[in-house]
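For reference, the chains in residue letters:
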Amino acid sequence: MSISKKDVIANYLPKRTEAGLKAEAFAPSNIALCKYWGKRDVELNLPINGSLSISLGELGSHTSINESDTGEDQVYLNDELLEPDSKFASKVIRFIELFRRDLDQPITVRTVNNIPTAAGLASSASGFAALTLAVNDFYRFGLKKEHLSAFARMGSGSASRSIYQGFVEWHLGVRTDGMDSCAEPLAAQWPGFRIGLLKVATGEKKIDSRSGMQRTVESAPLYNSWPKQAANDLRVIKEAIKNRDLELLGQTAEQNALSMHATMIGSWPPLLYWQPESVAAMHRLWELRASGVQVYLTMDAGPNLKLIFHSESEAQVRDAFPELMDVDIVAPFG
Ligand code: DP6
């Protein structure tokens, strides 16, 4: 039996939550190079494997929390007031409840995602990370970063990594309350390391990552090999980052992503996030690589590609993919 989020969080908060003041926070979006796919505990979002990502600098979510002036909780997304029972608003309020407890203080939460819709990136990671940071300031909890990462993880697993910039590892952890399953930034610097976002298809995805990974864990025979592969990939990717070895990093990250997709395809009912345009873009990338350009791909639970390369190859990559959105990864790369 899993411990509830509420009980875990309560162990780390003061006895009572005091009325909050104004707070604002930002958290970046992140792209996993070694993917998180599968949970050992669904309530706490504890992963079956460790993962590693790169945060996207200034692309992410800005979240503010204020005392509500209408006497009701209110949630705005990109300046639009949401219906209280909409999916997004109820997720936000349910998360706030874990920290507000029995304090009677209605609040207004405003989230603005500066990730252009054209980039085709999900925003739950940066959204829950920014919300967790804002909650910590609003209620003046003064929690440690690793605890904030563990709390953000309870909102969405990948949000644990969005607490930090740069290369970030999310540790598997062993504790039943999951508090050691939190992210940690790597000390590594890699000037010129680039991520490009390639949006190839539009439209809401029908199966979100949460249900997609559950279906894979429950029905894909191929999933048996995933935890071992991911553990090995994680080790190799850390080594590649340390040595700034793009070939080793790119190969391992690409194989990791495609292996994750192989487990999804082998689920029942099958789960294929790729569109014909995704496959066409993969071939285009492989041709470019065959011509000598070091460029690699990764993909998440959707049809779009994320390209991994070094700024030295930027001109060739742009030539082959004029529609590419290049991400300026700021800290810690300067
Ligand atoms: C494919 O973090 O969105 O992007 O924990 O259920 O909210 P929940 O899932 P989520 O899954 C992300 C899956 C992924 C890989 C990754 O980011 O590591």
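Caption draft 1: Broad picture of the pattern of salt bridges. Under the defined criterion, the tally for this structure stands at eleven salt bridges. Here the salt bridges share partners, and the residues they tie into one network are Lys 35, Asp 300 and Lys 306.

Caption draft 2: Highlighting the packing of aromatic side chains. Counted by the stated rule, this structure contains eleven aromatic pairs. Look at Phe 138 and Tyr 139: their rings are 4.9 Å apart centre to centre, the planes differ by 75 degrees, and that puts the pair in the edge-to-face class. Of the two residues, Phe 138 and Tyr 139, both sit in the buried class. Through pairs of rings, three or more aromatic residues link up here, namely Tyr 12, Phe 95, Phe 99, Phe 128, Phe 138, Tyr 139, Phe 141 and Phe 151.

Caption draft 3: Highlighting the site of the ligand. Of all residues adjacent to the ligand, which total 17 residues, the nearest are Tyr 36, Lys 39, Ser 156, Ser 158 and Arg 210. Residue Gly 157 places a main-chain N or O atom 2.7 Å away from an oxygen atom belonging to the ligand. In this structure, an oxygen atom belonging to the ligand sits 2.6 Å away from a side-chain N or O atom of Ser 158. Its free accessible area being 460 Å², the ligand has 92% of it covered by the protein chains. When residues in the shell around the ligand are grouped by element, the largest group, three residues, is from helix 5 (residues 209-219). Split by residue class, the shell around the ligand holds six nonpolar, six polar and five charged. Split by domain, the residues of the shell around the ligand number at least three in each of domain 1 (5-185) and domain 2 (193-330).

Caption draft 4: Up close: the sheet that holds strand 13 (residues 325-327). Here we have four strands laid out as an open sheet, ordered 11-12-10-13, and antiparallel in their pairing. The open sheet has two free edges, formed respectively by strand 11 (296-298) and strand 13, since each of these has just one partner strand. Averaged over neighbouring strand pairs, the angle between their axes works out to 30 degrees when direction is ignored. Lying over the sheet, helix 8 (residues 276-290) contacts strand 10 (193-198), strand 11 and strand 12 (305-310), oriented at roughly 155 degrees with respect to strand 11.

Caption draft 5: Looking closely at the pairing of strand 1 (residues 23-34). Of all twelve residues making up strand 1, ten are buried, and the element is well covered by its neighbours. Pairing of strand 1 with strand 4 (residues 51-67) involves ten bridges; the strand directions are antiparallel. The residue bridging Cys 34 from the neighbouring strand is Leu 52, located in strand 4.

Caption draft 6: Seen up close, the nonpolar core. In terms of nonpolar packing, the biggest core is built from 44 residues, with Ile 65, Ile 96, Phe 99, Leu 131 and Tyr 139 touching the most fellow members. Those elements giving two or more residues to this core turn out to be helix 1 (5-10), strand 1, helix 2 (87-100), strand 7 (107-113), helix 3 (124-138) and helix 4 (145-155). Considering every element that reaches this core, the biggest residue donor is helix 3, with eight residues. Excluding anything up to four places from it in sequence, Phe 99 contacts Ile 9, Leu 13, Thr 17, Val 135, Tyr 139, Phe 141 and Phe 151.

Caption draft 7: A look at the domain arrangement of the chain. Its domain assignment divides the chain into domain 1 (5-185) and domain 2 (193-330). Using only C-alpha atoms to locate each centre, domain 1 and domain 2 end up separated by 25 Å. Counting residues at the interface gives 33 residues for domain 1, matched by 40 residues for domain 2. Here domain 1 and domain 2 share an interface that buries about 2,900 Å² over both sides, 72% of which is from carbon and sulfur atoms.

Caption draft 8: Quick peek at the packing of helix 3 against helix 4. Two numbers describe how helix 3 lies on helix 4: the axes approach to 9 Å, and their chain directions differ by 130 degrees. In terms of their interaxial angle, helix 3 and helix 4 are classed as oblique. When you trace helix 3 past helix 4, the crossing you get is right-handed. Contacts between helix 3 and helix 4 involve Phe 128, Ala 129, Thr 132, Leu 133 and Asn 136 on the former and, on the latter, Leu 148, Phe 151, Ala 152 and Gly 155. For the contact of helix 3 with helix 4, the per-class residue count stands at six nonpolar, three polar and no charged.

What counts, and where the lines are drawn
In this numbering scheme, every chain counts its residues from 1 along its sequence in written order. Under the rules for a predicted model, residues below a pLDDT of 70 receive no local features and side-chain atom pairs below 80 are neither given nor counted, while totals for whole chains, interfaces and linings still include all residues. Heavy atoms from the whole structure form the basis of all side-chain values; hydrogens and water molecules are not counted. Any Lys or Arg side-chain nitrogen found within 4 Å of a carboxyl oxygen on Asp or Glu counts as a salt bridge. Aromatic pairing here means that ring centres of Phe, Tyr or Trp (its six-membered ring) are within 6.5 Å. Orientation follows from the plane angle: under 30 degrees is stacked, over 60 is edge-to-face, and everything else is tilted. Exposed residues in this analysis have more than 50% of their type's maximum accessible area, buried residues have under 20%, and partly exposed residues fall in between, with area computed by a 1.4 Å probe over protein chains only. If a single non-hydrogen atom of a residue is within 4 Å of a molecule or strand, that residue counts as near it. Here a polar contact means two N or O atoms within 3.5 Å. Within protein one must be a hydrogen donor candidate and the other an acceptor candidate, and residues neighboring in sequence count only if both atoms are side-chain atoms. Only the protein chains shown count as cover for residues, and the accessible areas themselves come from Shrake-Rupley with a 1.4 Å probe. Here a helix means four or more residues in a row that DSSP labels H or I, a strand means two or more in a row labelled E, and each is numbered from the N terminus. Side-chain classes follow a simple rule in which Ala, Val, Leu, Ile, Met, Phe, Trp, Tyr, Cys and Pro form the nonpolar group, Asp, Glu, Lys and Arg form the charged group, and the remainder, Gly included, forms the polar group. Marked domain ranges trace back to an automatic or database domain assignment. For two strands to be treated as a pair, DSSP must find at least two bridges joining them. The axes used here are C-alpha line fits, helices contributing only the stretch in contact, and every angle between their N-to-C directions lies in the interval 0 to 180 degrees. Residue contacts are counted whenever heavy atoms from the two residues lie within 4.5 Å of one another. To qualify as a nonpolar core, a set must consist of buried Ala, Val, Leu, Ile, Met, Phe, Trp, Tyr and Cys residues joined through side-chain atoms within 4.5 Å. Summed over both partners, the accessible area (1.4 Å probe) lost when two parts come together is defined as the buried area. Each angle receives one of four descriptions, namely roughly parallel if under 35 degrees, roughly antiparallel if over 145, roughly perpendicular if within 65 to 115, and oblique otherwise. Take the far helix as the reference: if the near one is turned anticlockwise from it by less than a right angle, the crossing is left-handed, and if turned clockwise, right-handed.

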